[in-house]
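Structural overview
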Amino acid sequence: MQQEIKQRLVESEAALPEAMHPVLRRIYAGRNVSSADELDYSLDRLIPYTELGNVETAAALLAQAMAKKKRLLIVADYDVDGATACALGIRALKAMGAADIDYLVPDRFVHGYGLSPDVVELAMQRAPDLLITVDNGISSITGVELARRNGIDVLITDHHLPGAELPAATVIVNPNLPGERFPGKNLAGVGVMFYLLIALRAHLRQQDWFTQAPRPEPHLAGFLDLVALGTVADLVPLDHNNRILVAQGLERIRRGRCVAGIAALLRRAGRTPENISASDLGFAVGPRLNAAGRLRDMRLGIECLLCDEAAQAEDIAKQLDGLNRERQRIQAAMQIDAGSVIAQMDLDEQASALGLCLYKQEWHQGVIGILASRIKDELQRPVIIFARDDGGVLKGSGRSIKGVHLKDVIDHIATQAPDLILKYGGHAMAAGLSICERDYEKFSALFDQEIRRLFRLQRFDTALITDGDLAAEHISLPVAQLLSRAGPWGPGFPEPLFEGRFDLLTRRIVGEKHLKLVLSLEDEKVTYHGIAFNMTDAAWEDEPSSLQLVYQLDINRYQGDESVQLIIRHLRPIYAVP
């Protein structure tokens, strides 16, 4: 899709330190950073745990259960956020002295999402006294009711948006509860769990828990590698609070102070811990962990994060890497299928589908979320991809674009047609739902209708926003190194993108689908190497004289050497006028 290129409007650089590199000053100003305080990622800048509603009540409940040696059971979600939150809870609660703690993760293909009645029935076989949900539970009305009816306390920790009715849990900790004043609304599920653990440690201190036993008081910052991984992988906006969590976790990984599983997954991905950035967690570690929940069972991923033996971690990481390769093969075939369907739509039909739903019976449930994300990026409109389960129910996974709150869209459809959606949940940019197969066409029409109502047929803003051009002296390894450590970058705090016109010196295809380029700037003798992933020159009319590029400044590491390279996100060939 051809995209309009726009530069960020830089409001002001005046409040930033004068000693800061000028490129960095411009980038931060373009992200509305108005003072150096917003770039302070020390832990004492975190929003205090006391501002999170119900967290102290939840901590008291946990402390009481631990004191009475009650059986604790964590109910996790089957994505990276849920896996890291579960591993964090198990590790930290054991470190604080929990005597009896275990976990349960639903099977995506058998139990579906959250604390469903089926999951509660499964949990009751272990006779828990307290169920602790991580990254789920806020929509589990009937599951919580069943647990409470059987005398089991339920502590919900979640970050997803609640529906009209809240579950009757013993305690709910969620920064997005109605009336909640906690300013860090963007916490991932693992972030909510981290806040609960901070509150629990403070409560146990007051009870002299650590001195009476005696038992060592855990240093919770030591678990921030898990918090950083879950936060990045869940694609939550990196506001200042989340950037602190991620920056602190990254620093621990770079120093080699991470769990054995993360270290093993980094090695499998060909990354060295001392050089990693947030994008390495998102694109190298996260997908390998997610593959377990998508194709098999997320217990494998959680065990990877819980094991302390390097050899065992390597063995599990190898299995996860194999699952991820299988996931990639399945995804590639599904993308070809989806591309064929989209290609059959003429331009008018494609324009009419402002809210796009796609479904094929043979598509894999575990991969539909990734496919939705890819098509959303390609077509720049909200997309929901459906797959069929063994019972004839369609499971949908949706991804949205800026300006479309996907959970609110589905809320509105559920109000219009109360019997249409079997269950749903999510947040602004991603959501999941289940419908009957016979209702697919009806839901698709209502989804498109609701997106039309929101946008009133106005054109989606598909502009690619850049940080402007870079002078030749700034297209350098030192600046690339500076930017790699200047983040963490991610949603809400995007990685710097630059634009510019380059002379094309040579080009070739590598790996069958990637375009490798050698470039130069006009009147400059320096050459630059660039790579455009998943782009080729097959559609070029002739030999272009130059290229208009949108790119990231990156570091190419090879056999111990480092050099600057351009990661090309968008290109347009420019032909000489005859």
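Throughout what follows, the structure given in this document is the object of discussion.

Rules used throughout
Residues numbered from 1 in each chain as written. Predicted model: local features only at pLDDT ≥ 70, side-chain atom pairs only at ≥ 80, totals over all residues. Heavy atoms only, no water. Helix = DSSP H or I, 4+ residues; strand = E, 2+ residues; numbered from the N terminus. Rg over C-alpha atoms; globule rule 2.2 N^0.38 Å. Buried < 20%, exposed > 50% of the residue type's maximum accessible area, 1.4 Å probe, protein only. Areas by Shrake-Rupley, 256 points an atom, 1.4 Å probe, with all protein chains shown as cover. Lys, Arg positive; Asp, Glu negative; His and termini not counted. Charge placed at Lys NZ, Arg CZ, Asp CG, Glu CD. Contact = heavy atoms within 4.5 Å. Pairing = 2+ DSSP bridges. Axes fitted to C-alpha atoms, helices over the stretch in contact; angles between N-to-C directions. Arc of directions from axis to C-beta. Right-handed = clockwise from strand over helix to strand, strands pointing away. Phe/Tyr/Trp six-rings, centres within 6.5 Å; stacked < 30°, edge-to-face > 60°. Lys NZ or Arg CZ within 6 Å of the ring centre and 35° of its normal. Salt bridge = Lys/Arg side-chain N within 4 Å of Asp/Glu carboxyl O. Core = buried A, V, L, I, M, F, W, Y, C linked by side-chain atoms within 4.5 Å. Expected span 1.5 Å × (residues − 1).

**Observations regarding the overall build of the protein chain**
- Within the protein chain, the regular secondary structure consists of 18 helices and 17 strands.
- Compactness check: the protein chain gives a C-alpha radius of gyration of 25 Å against a globular reference of 25 Å for 578 residues, within 12% of the reference.
- Overall, the C-alpha framework of the protein chain stretches about 85 × 60 × 45 Å when taken along its three principal axes.
- When burial is assessed residue by residue, the protein chain has 56% of its 578 residues classed as buried.
- On the protein chain, roughly 25,700 Å² of surface is accessible, and the fraction owed to carbon and sulfur atoms is 48%.
- Each charge class in the protein chain was averaged separately, 63 positive and 76 negative side chains, and the resulting centres sit 3 Å apart.

**Re the side chain of Asp297**
- Note on placement: Asp297 falls in the loop between helix H11 (278–295) and helix H12 (299–306).
- Judged by its relative accessible area of 17%, Asp297 is buried.
- Excluding its chain neighbours within four sequence positions, the residues that come into contact with Asp297 are Val105 and Ala292.

**Here we look at the sheet that holds strand S8 (residues 383–388)**
- Read across the sheet, 5 strands follow the order S7-S8-S9-S11-S10 without closing on themselves; strand pairing throughout is mixed. Each edge of the open sheet is held by one strand with a lone partner, namely strand S7 (356–359) and strand S10 (421–426). Strand-to-strand twist of the sheet, defined as the mean angle between neighbouring strand axes without regard to direction, takes the value 20 degrees.

**Side note on helix H4 (residues 117–124)**
- Within the span of H4, buried status applies to Val119, Val120 and Ala123. The buried residues of H4 occupy one face: seen down the axis, they fall within an arc of 100 degrees.
- Tucked inside the fold, the buried residues of H4 contact strand S2 (72–75), strand S3 (101–104), strand S4 (130–134) and helix H5 (141–149).

**Quick word on the pairing of strand S13 (residues 498–510)**
- Of the pairings in the sheet, the one linking S13 to strand S16 (residues 546–558) comprises 6 bridges and is antiparallel in character. Across the sheet, Arg501 pairs through a bridge with Gln548, a residue of S16.
- Of the pairings in the sheet, the one linking S13 to strand S14 (residues 514–520) comprises 7 bridges and is antiparallel in character. If you follow Arg507 over to S14, its bridge partner there is Leu517.

**Re the pairing of S8**
- Within S8, 5 of the 6 residues are buried, which leaves the element mostly enclosed by the surrounding structure.
- Looking at chain direction, S7 and S8 are connected through 4 bridges and run parallel. Pairing of Tyr359 across the sheet is with Phe386, part of S8.
- Handedness of the crossover is the feature at issue here: the chain leaves S7, passes through helix H15 (residues 368–379), returns alongside S8, and the resulting connection is right-handed.
- Alignment of S8 against strand S9 (residues 393–399), held across 6 bridges, turns out to be antiparallel. Within S9, the position partnered with Phe386 by the bridge is Gly396.
- What sits between the antiparallel neighbours S8 and S9 is a turn of 4 residues, in which Gly392 has the positive phi angle 85 degrees.

**Here we look at the packing of aromatic side chains**
- Taken as a whole and judged by the stated rule, the model has 11 aromatic pairs.
- Each residue in the set Tyr359, Phe386, Tyr440, Phe443 and Phe447 is aromatic and connected to the rest through ring pairs, giving one cluster.
- Over the aromatic face of Trp209 sits the side chain of Arg215, whose NZ or CZ is 4.1 Å from the ring centroid.
- Seen from the ring of Phe493, Arg243 lies directly overhead, with NZ or CZ sitting 3.8 Å from the centre.

**With respect to the sheet that holds S4**
- Reading across the sheet, the 5 strands line up as S3-S2-S4-S5-S6 and stay open at both edges, with parallel pairing between neighbours. Edge positions in the sheet fall to S3 and strand S6 (171–173), since each has one partner strand and no second. On average, adjacent strands in this sheet sit at an angle of 20 degrees to one another, irrespective of strand direction.
- By the bridge criterion, 5 bridges tie S4 to strand S5 (residues 153–157) in an arrangement that is parallel. Note that in S5 the partner of Val134 across the bridge is Thr157.
- Against the sheet, helix H3 (residues 80–96) contacts S2, S3 and S4, and its axis sits at roughly 170 degrees relative to S3.

**Notes on the pattern of salt bridges**
- Overall, the coordinates contain 24 salt bridges when judged by the stated rule.
- Here Lys376 ties to Asp377 by a salt bridge, and the two come within 2.8 Å at their closest N and O atoms.
- With a relative accessible area of 17%, Lys376 lands in the buried category.
- Several salt bridges converge on common partners, so that one network encompasses Glu251, Arg254 and Arg255.

**Side note on the nonpolar core**
- Of all hydrophobic cores here, the largest spans 150 residues; its most connected members are Tyr28, Leu93, Leu155, Ile375 and Leu553.
- When residues in this core are grouped by element, the largest group, 12 residues, is from helix H6 (residues 189–206).
- The contacts of Leu553, once residues within four sequence positions are left out, are Leu470, His474, Ile475, Ser476, Val479, Ala480, Leu483, Phe498, Val564, Gln565 and Leu566.

**A look at the environment of Ile138**
- Mapped onto the secondary structure, Ile138 falls in the loop between S4 and H5.
- As for Ile138 and Asp158, which are separated by 20 residues in sequence, their C-alpha atoms are 6.4 Å apart.
- Beyond its immediate stretch of four places on either side in the chain, Ile138 contacts Ile156, Asp158, His160, Leu161, Pro162, Leu166, Pro167, Ile172, Asn174 and Leu177.

**Here we look at helix H2 (residues 55–67)**
- The end-to-end C-alpha distance of H2, which contains 13 residues, comes to 18 Å, matching closely the 18 Å that a straight helix rising 1.5 Å per residue would cover.
- Positive backbone phi, at 55 degrees, marks Lys69, one or two positions downstream of H2.

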